[in-house]
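Inside the fold
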Amino acid sequence: LPLSFKLYDNEGKEVDNLMPGASFPKAKEAFPGALTNSELVSKITETLEKKGYNKETSLVATSLCCDEVNRPLESDLREIYDTNFNMGGLAGFPFGGATSFGAMAAHIPDGGSCLVVYGPHVGVDSTGAVGTVERRGRANGGSCCGSAVAASGYVGSVFKGDAEKAALPEDALDAQQYFVGSMLMPYAERLDAAEEKMKELPYALYDAQTELMGRIVEKSGGAVADGTTAVLGGIQINTPPGYSDYFLPLSFKLYDNEGKEVDNLMPGASFPKAKEAFPGALTNSELVSKITETLEKKGYNKETSLVATSLCCD
């Protein structure tokens with residue numbers, strides 16, 4: 001498992017990283033099921049080609065945090081769909097709202113479709129700590145996502161009674177941060193009870209963003225004239241410089257041009273929290289494959305074998 005490949009001059013100074021975009025196992029340890037950006041792009045391409053998506057007639061729209069560490073994923077997505085429309089703001093919330101979706105839909109090439117990728121982001125630094133990451137040219141890392149961490153602190157203070165809820169802003173000066181905190185507020189008890197708050201925070205943000213994105217697609221999905229809308233949601237995972245970022249896909253759905261869901265592009269999606277709670281657990285498909293592989297060696301087959309279950313009647 002190559003983890004680094006660097007070039008040094010004759011004074012012992014690093015002059016080149018010979019393995020840019022290398023995998024970063026600590027990201028996957030913190031978020032099981034996460035894919036590198038290149039793995040994600042391959043998965044998207046493979047899935048959507050079957051639905052008629054291509055570089056000539058498809059448009060990708062992203063709703064990712066405005067933090068510069070999130071731009072590499074957009075660059076990778078542009079490799080398959082040429083360019084991207086940006087709906088996102090602080091913490092990855094689609095602050096462009098229904099209006100931005102409608103504008104994006106009006107830019108889709110004739111007869112084409114769109115892919116929407118959304119989600120919060122979280123850093124994993126070189127020590128494996130979650131919620132922070134090293135940044136280019138800085139001696140010390142910092143919060144990642146800073147907006148999300150600030151919002152969680154605000155939400156926690158309100159939940160414990162140490163602060164009052166902020167008033168609805170009258171101008172746009174810091175309106176986005178107000179709404180990040182406001183939309184995270186329903187998850188205050190869940191965050192307070194979490195053993196690892198920085199790991200739980202992006203999942204809570206994902207749930208809040210999924211609710212908002214669902215309303216946007218329901219309201220404006222009809223603006224997609226001829227094609228379909230594929231919506232991929234998950235958690236973006238930022239890593240130290242020189243390593244590939246990751247993305248944990250949590251939902252991938254296809255909608256018609258009336259905003260109605262017509263297909264689940266990620267059936268039987270993994271649920272990492274189950275494996276965190278019960279290490280060693282397998283998905284149903286993994287279990288069935290393991291049973292089949294093991295019992296075929298013992299002569300079991302579909303024609304002459306019978307399965308009996310003793311499971312709860314629920």
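Not measured: the values here are computed from a predicted model.

Points about the packing of helix α5 (residues 146-159) against helix α8 (residues 197-220)
Contact geometry of α5 with α8 gives a least axis separation of 11 Å together with a crossing angle of 95°. In terms of orientation, α5 and α8 fall into the roughly perpendicular class. Within the contact between the two elements, α5 uses A148, V149 and S152 and α8 uses M198, L201 and L205.

A look at empty space enclosed by the protein
Taken as a whole and assessed by the stated rule, the structure comprises one cavity of 30 Å³ or more. Each pocket or cavity is described by its volume, and for the largest cavity that value is around 50 Å³. In terms of lining, the largest cavity is formed by H121, V122, C144, C145, A148, V149, M198, L201, P202 and L205. Those elements that place two or more of their residues in the lining of the largest cavity are β7 (121-123), α5 and α8. Top contributing element to the lining of the largest cavity by residue count: α8, with four residues. Here the lining of the largest cavity is composed, by residue class, of nine nonpolar, one polar and no charged.

A look at the confidence of the model for the protein
Predicted coordinates in areas of low pLDDT are best not read in detail. Taken as a whole, the protein shows an average pLDDT of 91; of its residues, 96% reach a score of 70 or greater. By mean pLDDT, strand β2 (residues 14-17) is the weakest element of the protein at 68, and β7 is the strongest at 98.

Observations concerning the environment of A91
Its place among the elements puts A91 in the loop between β5 (84-86) and α4 (97-105). Discounting residues that sit within four places of it in the chain, A91 has contacts with C65, G119, P120, C145, S147, V180 and Q209.

Describing the pairing of strand β6 (residues 113-118)
With six of six residues buried, β6 is to be regarded as a mostly interior element. In β6, alternate side chains face the same way, and those of S113, L115 and V117 on one face and C114, V116 and Y118 on the other are all buried. Sheet topology places strand β4 (residues 58-63) next to β6; six bridges connect them, and they run parallel. Residue pairing for β6: S63 is matched across the bridge by Y118. As defined by bridge partners, β6 adjoins strand β10 (residues 229-238) across five bridges and the pair is classed as parallel. Within β10, the residue paired with V116 across the bridge is V231.

What to know about helix α3 (residues 71-81)
Residues of α3 that are buried: L73, E74, L77, I80 and Y81. Down the axis of α3, the buried set is contained in an arc of 115°. They therefore lie on one face. In the core, the buried residues of α3 are packed alongside α2 (37-49), β4, β5, β6, β10 and β11 (246-255). Remark: D82 follows α3 within two positions and exhibits a positive phi of approximately 75°.

Details of the pattern of salt bridges
On inspection of all chains with the given rule, the structure shows 10 salt bridges. Measuring nitrogen to oxygen at the nearest pair gives 2.7 Å for the salt bridge that ties R135 to D67. Linking R135 in the loop between β8 (132-133) and β9 (142-143) with D67 in the loop between β4 and α3, this pair joins segments that are 68 residues apart in sequence. Like R135, the residue D67 is buried in the burial classification. The salt bridge involving K199 is made with E196; its shortest N-O contact spans 3.7 Å. For K199, a relative accessible area of 19% puts it in the buried group.

Digging into the packing of aromatic side chains
We describe a pair of aromatic rings using the distance from one ring centre to the other and the angle between the two ring planes. Applying the stated criterion across every chain yields a total of six aromatic pairs. Look at Y178 and F179: their rings are 4.9 Å apart centre to centre, the planes differ by 80°, and that puts the pair in the edge-to-face class. Relative accessible area serves as the criterion here: at 19%, Y178 is assigned to the buried category.

Thoughts on the nonpolar core
By size, the foremost hydrophobic cluster in this structure holds 52 residues, and its most contacted members are F31, M104, L184 and I237. In terms of residues, this core owes the most to one element, α8, which gives 10 residues. Discounting chain neighbours no more than four positions away, the residues touching I237 are A27, F31, A34, V122, V124, D245, Y246 and L248.

Section: the environment of P249
Considering the arrangement of structural elements, one finds P249 in strand β11. When its relative accessible area of 14% is taken as the criterion, P249 is described as buried. It is 14 Å that separates the C-alpha atoms of P249 and V122, two residues lying 127 residues apart in sequence.

As for the side chain of T47
As for its position among the elements, T47 is in helix α2. The residues contacting T47, other than those within four sequence positions of it, are F252 and L265.

Thresholds, definitions, all that
- Residues numbered from 1 in each chain as written.
- Predicted model: local features only at pLDDT ≥ 70, side-chain atom pairs only at ≥ 80, totals over all residues.
- Heavy atoms only, no water.
- Axes fitted to C-alpha atoms, helices over the stretch in contact; angles between N-to-C directions.
- Helix = DSSP H or I, 4+ residues; strand = E, 2+ residues; numbered from the N terminus.
- Parallel < 35°, antiparallel > 145°, perpendicular 65-115°, else oblique.
- Contact = heavy atoms within 4.5 Å.
- 1 Å grid on protein atoms, 1.4 Å probe; cavity = no way out; pocket = protein on both sides within 12 Å on 5 of 7 lines; lining within 4 Å.
- Points joined across faces, edges and corners; volume = space filled by probe spheres on them.
- Nonpolar A, V, L, I, M, F, W, Y, C, P; charged D, E, K, R; others polar.
- pLDDT = per-residue confidence, 0-100.
- Buried < 20%, exposed > 50% of the residue type's maximum accessible area, 1.4 Å probe, protein only.
- Pairing = 2+ DSSP bridges.
- Arc of directions from axis to C-beta.
- Salt bridge = Lys/Arg side-chain N within 4 Å of Asp/Glu carboxyl O.
- Phe/Tyr/Trp six-rings, centres within 6.5 Å; stacked < 30°, edge-to-face > 60°.
- Core = buried A, V, L, I, M, F, W, Y, C linked by side-chain atoms within 4.5 Å.

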